[in-house]
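# Structural overview
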Amino acid sequence: MQKSNNINKFSIGFIGAGKMGNPMIKQLINNGFNVRAYDINPKVTKKLEKENIKSVNNLRALGNSDFIISILPDTNNVETVFNNDTGINQFLRPGTIVIDMSTIAYSSAIKIGKELQKKQIEFLDAPVSGGVKGAIDGNLAIMIGGKKDTFKKSSPIFKAFGNNIVYAGKLGMGQIFKMCNQIMVGSHIQAMCEAFTLCKSKGGDLKLLRETLIGGSANSWMLENLGKQVIEKDDKAGFRIDLQLKDLKIASEAAFESGVPLPGLSLVIALFLETRAHHEGKNGNQALFKTYDRMANIKLK
Ligand code: NAD
């Protein structure tokens, strides 16, 4: 890479233009980067074209990029894209930097990173937190694993996405930090649902409760953001139940592997599974409250 004094001239191939990817691509473009995007869903690509964002219709076309960034739903999607024989790996040049920002199994991130290293391609696992709103506002938290030197070279890109940019450590450590984040996210939303259920059972005003708690030590991102959606009965997803369960499963597998009991995580998984069993998988995390409604079966006067 010889362009370090003029990093915005770097070409970026962006893979996955969904809820998170679309606003992240716009942040890169607004920061002067030269971006071409690929998504497997042609409807998504059409939307990009309407927004005057350059898109390509196959992975090969991104092969000459300086950086590849991906943000895809699950481990299997990322493994497909970075498959040595059938994915983009066969088209990438030595010296390319690949940054995967999806939340996936850390063991898979390590495997992909090592395979790319064999081809002199650098790799960072860099999952994010902050939701779609954080992506739109350029205010994501980013947790990065991989070689420190690669992290430093990539920092102008991360700065386009947020201010809370953390070098977490070796390859895979970004995903470990993200799992810890998701354990807390799951517990926070569960705690909020319990508080709301008790308040509701006593005929309390949920709106007032939320405003009160926001001002005290029980405040959380969940209360500020999803608490409002619970009260307004707005199930629309930023982060959907299906993805939350995917993340909790990843965390649970890692805990099992380490032999550490995380009983709170097991409970939260059971509650989210109940919600998904009632066909809420495509709805936002806040639909967990419907499980509490079912369990409490409160008849409001
Ligand atoms: P999404 O489903 O909205 O977008 C994913 C995009 O990837 C889709 O457009 C899909 O067509 C595309 N895709 C799937 N497989 C592909 C392939 N093989 N090649 C090319 N494109 C492919 O999902 P999202 O909400 O943007 O989430 C993406 C990742 O970000 C997930 O790992 C999620 O856990 C993580 N994340 C999401 C949020 C959120 O609030 N939505 C917050 C933090 C982290």
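Refer to the structure above for everything that follows.
Residues numbered from 1 in each chain as written. Predicted model: local features only at pLDDT ≥ 70, side-chain atom pairs only at ≥ 80, totals over all residues. Heavy atoms only, no water.

## Focus on the site of the ligand
Near the ligand, the surroundings consist of 26 residues, among which K19, M20, D39, L72 and K246 are the closest. Contact distances for the ligand include 3.1 Å between an oxygen atom and a side-chain N or O atom of R240. Burial of the ligand by the surrounding chains reaches 91%, relative to a free accessible area of 830 Å². Of all the elements in the fold, those that place two or more residues in the shell around the ligand are α3 (75-81), α5 (131-137) and α10 (241-258). Grouping the constituent residues of the shell around the ligand by class yields 13 nonpolar, eight polar and five charged. (Near = heavy atom within 4 Å. Polar contact = N/O pair within 3.5 Å; in protein donor to acceptor, adjacent residues only side chain to side chain. Areas by Shrake-Rupley, 256 points an atom, 1.4 Å probe, with all protein chains shown as cover. Helix = DSSP H or I, 4+ residues; strand = E, 2+ residues; numbered from the N terminus. Nonpolar A, V, L, I, M, F, W, Y, C, P; charged D, E, K, R; others polar.)

## Here's the deal with helix α9 (residues 221-231)
Those residues of α9 that fall on the buried side of the exposure criterion are M222, L223, L226, G227, Q229 and V230. Take α9 and look down its axis: the buried residues cluster within an arc of 160°, on one side only. In the core, the buried residues of α9 are packed alongside α7 (173-201), α8 (206-214) and α12 (288-296). Phi turns positive, to about 50°, at K233, one or two residues after α9. (Buried < 20%, exposed > 50% of the residue type's maximum accessible area, 1.4 Å probe, protein only. Arc of directions from axis to C-beta. Contact = heavy atoms within 4.5 Å.)

## Observations regarding the side chain of T150
Examined against the element boundaries, T150 turns out to sit in helix α6 (residues 148-161). Exposure remark for T150: the relative accessible area of 2% places this residue in the buried category. Side chain to side chain, T150 and E122 meet in a polar contact 2.6 Å long. Ignoring any residue separated from it by four or fewer positions in sequence, one finds T150 in contact with I97, E122 and L124.

## Regarding the nonpolar core
Here is a general trend for soluble globular proteins: nonpolar side chains tend to be buried in one another's company. In terms of nonpolar packing, the biggest core is built from 32 residues, with F14, L28, M101 and F161 touching the most fellow members. Contributions of two or more residues to this core are made by β1 (11-15), α1 (21-30), β2 (34-38), α2 (42-50), β3 (67-70), β4 (97-100), β7 (141-145) and α6. No other element matches the five residues that α6 contributes to this core. Those residues within four positions of M101 in sequence are excluded, and the remaining contacts are M24, I69, S70, I71, A126, P127, V128, I142, F158 and F161. Counting 28 residues, the second largest nonpolar core, distinct from the first, contains I189, V230, L248 and I269. (Core = buried A, V, L, I, M, F, W, Y, C linked by side-chain atoms within 4.5 Å.)

## A look at the packing of α10 against helix α11 (residues 263-277)
In the contact formed by α10 and α11, the axes pass within 10 Å of each other and the chain directions differ by 150°. As judged from the angle between their axes, α10 and α11 are roughly antiparallel. As for how α10 packs across α11, the hand of that crossing is left-handed. Facing I241, D242, Q244, L245, L248, A251 and S252 of α10, the residues of α11 in contact are L265, V268, I269, F272, L273, T275 and R276. Considered class by class, the residues forming the contact of α10 with α11 number nine nonpolar, three polar and two charged. (Axes fitted to C-alpha atoms, helices over the stretch in contact; angles between N-to-C directions. Parallel < 35°, antiparallel > 145°, perpendicular 65-115°, else oblique. Left-handed = near helix turned anticlockwise from the far one by under 90°.)

## Focus: the environment of S102
Here S102 is to be found in the loop between β4 and α4 (106-118). Measuring from C-alpha to C-alpha, the distance between S102 and E115 comes to 18 Å, with 13 residues separating the pair along the chain. With sequence-adjacent residues up to four places away left out, S102 is seen in contact with S70, I71, L72, V78, P127 and Q175. Separated by 2.7 Å, the side chains of S102 and D100 make a polar contact.

## Focus: the pairing of strand β8 (residues 164-169)
One ladder, built from five bridges, connects β7 with β8; its direction is parallel. If you follow G145 over to β8, its bridge partner there is G169. Read as a crossover between parallel neighbours, the route from β7 over α6 to β8 is right-handed. (Pairing = 2+ DSSP bridges. Right-handed = clockwise from strand over helix to strand, strands pointing away.)

## Some points on the pairing of strand β5 (residues 122-125)
Taking every second residue as pointing to the same face, both faces of β5 are buried, with E122 and L124 on one and F123 and D125 on the other. Here β4 pairs with β5 via four bridges, running parallel. Bridging across to β5, I97 finds its partner in E122. The β-α-β motif built from β4, the intervening α4 and the parallel element β5 has right-handed crossover chirality.

## Thoughts on the packing of α7 against α8
Contact geometry for α7 and α8: axes closest at 10 Å, N-to-C directions at 135°. The angle between the axes of α7 and α8 places the two elements in the oblique class. Here α7 and α8 pass one another in a crossing that is right-handed. For the pair α7 and α8, contact is made by A195, F196, C199 and K200 and by L206, L209 and R210, respectively.

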